[in-house]
Amino acid sequence: MTATLALTWRQYRLERRMFWRNPSAAFFNFVLPLLFLALFGTIFAGSQDDLDVIVPGIAGMSIMTTTFVALAMNMVFLREQGVLKRLRGTPLPTGAYLGGLAAHAVTNTAIQLAIVIAAGAGLLNVGLPESWVALGVFVVAGVACFAALGVALSHAIPNFDSAPAYVNAIFLPVIVISGVFYDADNAPAFLRDIGEVLPLTHLIDGLSAAMVTGAPFSDNLSDLAVVLVWGAIGAVLAVRGFSWEARRG
Amino acid sequence: MDSGAPAILVRDLHKSYGGVQAVRGIDFEVARGEVFGLLGPNGAGKTTTVEILEGYRERTSGIASVLGHDPGSRPRALRERVGIVLQESGTYRHATVRELVTHWAGFYPASRDVDEVIELAGLRGSEDVLTRRLSGGQARRLDFALALVGDPELVFLDEPTTGFDPAARRAAWETIRALAELGKTILLTTHYLDEAQALCDRVAIVKDGRILAVGAPAELGVGAVSRYRVSWRDEDGVLVTRETDDPTALLHQLTSAALARGTGLTDLSVTRPSLEDVYLELTAEAPVTTVEGGSAA
């Protein structure tokens with residue numbers, strides 16, 4: 001057990017080191033949410049209601065990019081390159097490898113959220129989160145949900161060249177429909193209905209309560225439930241479809 | 001050769017994907033310390049066989065034992081003792097050679113010295129190069145280094161030199177010979193005859209998911225398919241060639257007749273079939289002629 005933990009830690013450190021050596025990945029992870037915050041902060045300057053929506057919205061988006069988007073792309077790449085297959089032939093325990101990868105993604109989530117929270121409090125006058133506990137619960141649920149869905153999606157992507165198309169075809173509509181940039185309640189009914197089914201909408205509702213409104217946690221239990229149900233579906237699909245190597249031909 | 005249990009034992013191995021039978025009843029064993037080659041054209045079932053032994057694929061039926069373990073259950077104790085060079089596999093593109101070899105060393109309970117492995121794989125001087133900047137030949141050396149750093153008893157090499165230029169091939173052969181000298185057991189696949197001949201203690205010729213012949217490269221085929229080739233010039237000076245299973249009797253006839261005539265036998269030669277002859281003869285055969293194994297498949 002301690003040996004597996006030590007290997008997980010080593011794997012995590014390698015993933016971190018590799019991440020920082022790939023500047024484009026670092027750019028998308030940390031600059032994109034800041035860019036969005038700056039843009040929408042400018043657009044909505046003076047309208048505190050809108051700013052109060054955008055900060056938890058971007059926080060939700062950050063969780064999705066650092067887990068769902070990053071893992072879907074990463075898994076397709078690692079599979080296509082044969083890295084997964086090579087590692088599979090070593091004594092490295094599967095749990096240590098996937099644990100290291102997951103911890104790496106979670107670190108990126110934490111850094112992004114810290115940036116978003118700091119920028120929201122410092123620049124957009126949204127203030128620090130009302131409830132760190134509720135924030136923690138929703139972040140953990142969101143990370144688990146979107147990580148599982150990202151790995152699940154990677155199974156459906158045939159090769160790395162097509163990965164950005166697949167990922168963006170889901171990611172971009174979802175962040176719009178789920179109300180990252182506006183209050184989803186103001187959207188047309190049919191879009192609102194679609195949004196109500198998606199996990200990001202509920203994650204953002206939960207984050208909004210924890211970060212901005214301070215609504216009691218009990219008000220958002222149904223949101224948490226939706227996120228967890230999606231996470232469970234994602235986990236089943238992620239495990240079921242898992243393959244260590246690319247499909248041939 | 002070690003008298004203990006074989007490093008690899010394969011009995012009546014079958015593997016089908018959907019309706020396609022990739023492996024149709026293969027038997028062989030590899031002794032400890034032996035360099036064993038699976039030689040055959042592309043699509044013969046070599047890689048499928050090796051990947052079953054490496055634990056990547058489940059066999060459909062038959063027995064497979066690797067260092068006393070069932071490779072199908074991929075026990076960690078087995079993975080600690082085996083090194084694998086896959087036909088193709090990527091690595092962390094932003095890591096240096098030394099970083100990766102060092103990281104891989106950490107997977108194994110009794111790894112070799114990183115510098116020693118870099119030296120053995122022929123990567124001295126490239127330690128600090130990012131893997132994405134390695135040439136094809138150097139990347140293959142890195143594959144070797146990563147497979148060897150755990151100090152495995154058994155090394156799988158799946159087409160270790162395919163696509164290499166002649167100099168790179170020689171270098172890879174030297175590495176493989178060095179491994180053999182260290183007492184490692186090696187199972188390699190190749191579709192190059194000269195590679196099998198240069199490296200292997202024994203070779204199995206594989207085609208259509210079956211083994212057509214097994215033996216030392218120099219002996220392979222004698223008594224199997226190809227026969228001795230005896231040639232000489234007859235009284236009219238015409239070169240005659242005859243194939244026979246029993247060169248002794250034929251030579252006796254020829255020499256007795258020549259002595260009786262009081263003439264010599266010019267250009268008399270007896271040649272054993274080369275591995276190439278055997279290989280071409282066996283693999284050129286239409287699949288129909290090996291159909292007797294089909295009932296078992």
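Each remark here, short or long, concerns the structure printed above.
Residues numbered from 1 in each chain as written. Chains lettered and ligands numbered in written order. Predicted model: local features only at pLDDT ≥ 70, side-chain atom pairs only at ≥ 80, totals over all residues.

Considering the overall build of chain A
Reasoning step 1: Across its full length, chain A carries ten helices and zero strands.
Reasoning step 2: Reading chain A from its N terminus to its C terminus gives the helix and strand order α-α-α-α-α-α-α-α-α-α.
Reasoning step 3: Its C-alpha atoms give chain A a radius of gyration of 18 Å, near enough to 18 Å, the size a compact globule of 249 residues would have.
Reasoning step 4: Expressed along its principal axes, the backbone C-alpha trace of chain A runs to roughly 55 × 35 × 35 Å.
Reasoning step 5: The buried share among the 249 residues of chain A stands at 45%.
Reasoning step 6: Long-range contacts, defined here as pairs at least 24 residues apart, represent 81% of the contacts in chain A between residues at least 6 apart. (Helix = DSSP H or I, 4+ residues; strand = E, 2+ residues; numbered from the N terminus. Rg over C-alpha atoms; globule rule 2.2 N^0.38 Å. Buried ≥ 20, exposed ≤ 12 C-beta atoms within 10 Å, placed from the backbone. Contact = placed C-beta atoms within 7 Å.)

A few points about the packing of helix α6 (residues 132-156) of chain A against helix α10 (residues 221-240) of chain A
Residues and elements named next belong to chain A.
Reasoning step 1: Running from amino to carboxyl end, α6 crosses α10 at an angle of 30°, the nearest separation of the two axes being 7 Å. Classified by the interaxial angle, the pair formed by α6 and α10 is roughly parallel. The interaxial crossing formed by α6 with α10 has left-handed handedness. On α10, the residues that touch Phe-138, Ala-141, Gly-142, Ala-144, Cys-145, Ala-148, Leu-149, Val-151 and Ala-152 of α6 are Leu-224, Val-227, Leu-228, Trp-230, Gly-231, Gly-234, Ala-235, Leu-237 and Ala-238.
Reasoning step 2: Each residue belonging to the contact of α6 with α10 can be placed in one class, and the counts come to 15 nonpolar, three polar and no charged. (Axes fitted to C-alpha atoms, helices over the stretch in contact; angles between N-to-C directions. Parallel < 35°, antiparallel > 145°, perpendicular 65-115°, else oblique. Left-handed = near helix turned anticlockwise from the far one by under 90°. Nonpolar A, V, L, I, M, F, W, Y, C, P; charged D, E, K, R; others polar.)

Let's talk about the sheet that holds strand β2 (residues 20-30) of chain B
All names here are of chain B.
Reasoning step 1: Ordered by their spatial adjacency, three strands build an open sheet running β2-β1-β4, and the pairing between neighbours is antiparallel. Each edge of the open sheet is held by one strand with a lone partner, namely β2 and β4 (61-66). Strand after strand, the sheet turns through a mean of 25° between neighbouring axes, direction not considered.
Reasoning step 2: In terms of strand pairing, strand β1 (residues 8-17) meets β2 through eight bridges, oriented antiparallel. Residue pairing for β2: Leu-13 is matched across the bridge by Ile-26.
Reasoning step 3: Where helix α1 (residues 46-54) meets the sheet, its contacts fall on β1, β2 and β4, and the angle it forms with β1 comes to roughly 115°. (Pairing = 2+ DSSP bridges.)

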